[in-house]
Every structure is written in C-alpha cells, then in structure tokens.
Amino acid sequence: MEEFIRTNVSKESMRLFNTGATRNRDDEALGIEGFTSPRALLAYATYMHKHRFTADGSVRDPDNWQKGIPLQSYMESLRRHELDLQLHHDGYPELARESLVEALCGLFFNVQGYLHEYVKENPNWKEEL
C-alpha cells in the first residue's frame, strides 16, 4: 500500500501522507537514494578511510581532497586504476598492482574528484547535461 496519496491543492500537486502530514510534490527532486548504491558507497567509504593514513603516519581529514587536487593528478591516477581494472577484467589479475575493489574505488575517487573540481570552476555545468 502506498504511504501517501496525491491530491491537487491550489493547482499544485501535493503529497498527503496517511498521517495527515503534507509535503510539496517530489516529482522534480533528485532521486539520490535511487541513483546510488549503499553497497558501493560502503566499499568506497572503507577504501577512503583506509587511505586516510599517510606514509608519514599522519591521518588526513576525510574531506582533505576537497582542498583541491589538480585535474592532471586526477587523470594520471585514474589511468593507473583503469589499467588495473582492465587487467582484472581481461583475466590477468596477477599483473595488476591492486585488487579489483581497490581499482574500482580508485577510479570512483578520481572521477568524483575531477568532477568536483570541474563543477566548482564551471558554474554553468548543468547546461552541459
């Protein structure tokens, strides 16, 4: 059974919940829950936590990467992880530097970081979609 029913109020579609609570319609809201995988996010968060610990023994803040990393650095790292993914995919895991999960999480980090830097510098990014 649906947890709410739709009704029209003042030419605006509203959500009326069984409890009597109302909210504006959500037809145009981004479906972030549906667009993401909690399993993938857990793997990624675990990967990111592991990589907070640096070679000199210090610990980075979780959002340290948001201070800014050059696009070229993201691209070079992305290519290394991409090669490892390709090696796993093609049946040569013994030639890869890292596990398949590490490669995928590394790709995710670099793609997200590159996109973060790009949209930060390009306020009209939505026009590209």
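Residues numbered from 1 in each chain as written. Predicted model: local features only at pLDDT ≥ 70, side-chain atom pairs only at ≥ 80, totals over all residues. Heavy atoms only, no water.

Caption draft 1: Highlighting the packing of helix α3 (residues 71-89) against helix α4 (residues 100-121). Orientation of α3 relative to α4, taken along the N-to-C sense of each, is 155°, at an axis distance of 8 Å. Considered as vectors, α3 and α4 are oriented roughly antiparallel to each other. Between α3 and α4 lies a crossing whose hand is left-handed. Across from L71, S73, Y74, S77, L78, H81, E82, D84, L85 and H88 in α3, the residues of α4 making contact are L100, E102, A103, L104, G106, L107, F109, N110, V111, G113, Y114 and E117. Classifying every residue of the contact of α3 with α4 by side-chain character gives 11 nonpolar, seven polar and four charged. (Axes fitted to C-alpha atoms, helices over the stretch in contact; angles between N-to-C directions. Helix = DSSP H or I, 4+ residues; strand = E, 2+ residues; numbered from the N terminus. Parallel < 35°, antiparallel > 145°, perpendicular 65-115°, else oblique. Left-handed = near helix turned anticlockwise from the far one by under 90°. Contact = heavy atoms within 4.5 Å. Nonpolar A, V, L, I, M, F, W, Y, C, P; charged D, E, K, R; others polar.)

Caption draft 2: Structural view of the packing of aromatic side chains. This model, assessed by the stated rule, comprises four aromatic pairs. Taking 6.2 Å as the distance between ring centres and 80° as the angle between the ring planes, the aromatic pair formed by W65 and F109 counts as edge-to-face. With W65 in the loop between α2 (38-50) and α3 and F109 in helix α4, this pair connects stretches of sequence that are 44 residues apart. Classification of W65 by relative accessible area gives buried; the value is 13%. Look at F109 and you get buried, because its relative accessible area is 15%. Joined through ring pairs, the aromatic side chains of Y44, Y47 and F108 make up one cluster. (Phe/Tyr/Trp six-rings, centres within 6.5 Å; stacked < 30°, edge-to-face > 60°. Buried < 20%, exposed > 50% of the residue type's maximum accessible area, 1.4 Å probe, protein only.)

Caption draft 3: Structural view of the nonpolar core. Membership of the largest hydrophobic core is limited to seven residues, which are Y44, Y47, M48, W65, Y74, C105 and F109. Taken together, the elements giving at least two residues each to this core come down to α2 and α4. Considering each element in turn, this core owes the most residues, three residues, to α2. Beyond its immediate stretch of four places on either side in the chain, Y47 contacts H81, E102, C105, G106 and F109. (Core = buried A, V, L, I, M, F, W, Y, C linked by side-chain atoms within 4.5 Å.)

Caption draft 4: Layout of the layout of surface pockets. Considered as a void within the structure, the largest pocket measures approximately 440 Å³ in volume. In terms of lining residues, the largest pocket is bounded by 22 residues, among which M48, H51, R60, W65 and F109 are the most central. Mapped by element, the contributors of at least two residues to the lining of the largest pocket are α2, α3 and α4. For the lining of the largest pocket, the residue count by class is eight nonpolar, nine polar and five charged. The calculated volume of the second largest pocket comes to roughly 230 Å³. Forming the walls of the second largest pocket are F108, V111, Q112, L115, Y118, V119, W125, E128 and L129. (1 Å grid on protein atoms, 1.4 Å probe; cavity = no way out; pocket = protein on both sides within 12 Å on 5 of 7 lines; lining within 4 Å. Points joined across faces, edges and corners; volume = space filled by probe spheres on them.)

Caption draft 5: Region of interest: a nonpolar patch on the surface. Taken together, the side chains of L30, I32 and F35 define a hydrophobic patch exposed on the protein surface, amounting to about 400 Å² of accessible area. Locating I32 in the fold gives a position in helix α1 (residues 32-35). (Patch = residues over 30% accessible without salt bridge, like charges linked within 9 Å, V, L, I, M, F, W, Y side chains within 5 Å. Areas by Shrake-Rupley, 256 points an atom, 1.4 Å probe, with all protein chains shown as cover. Salt bridge = Lys/Arg side-chain N within 4 Å of Asp/Glu carboxyl O.)

Caption draft 6: Representation of the pattern of salt bridges in the model. All told, the structure shown has five salt bridges when counted by the stated rule. Among the ionic pairs, K50 bridges to E102, the shortest N-O distance being 2.8 Å. Taken together, the positions of K50 in helix α2 and E102 in helix α4 put the pair 52 residues apart, joining distant regions of the chain. Exposure remark for E102: the relative accessible area of 16% places this residue in the buried category. Residue R97 is joined to E98 by a salt bridge in which the shortest nitrogen-to-oxygen separation is 3.8 Å. When its relative accessible area of 55% is taken as the criterion, R97 is described as exposed. Take E98: its relative accessible area is 14%, and that puts it in the buried class. Counted as one network, the salt bridges with shared partners bring together D84, R97 and E98.

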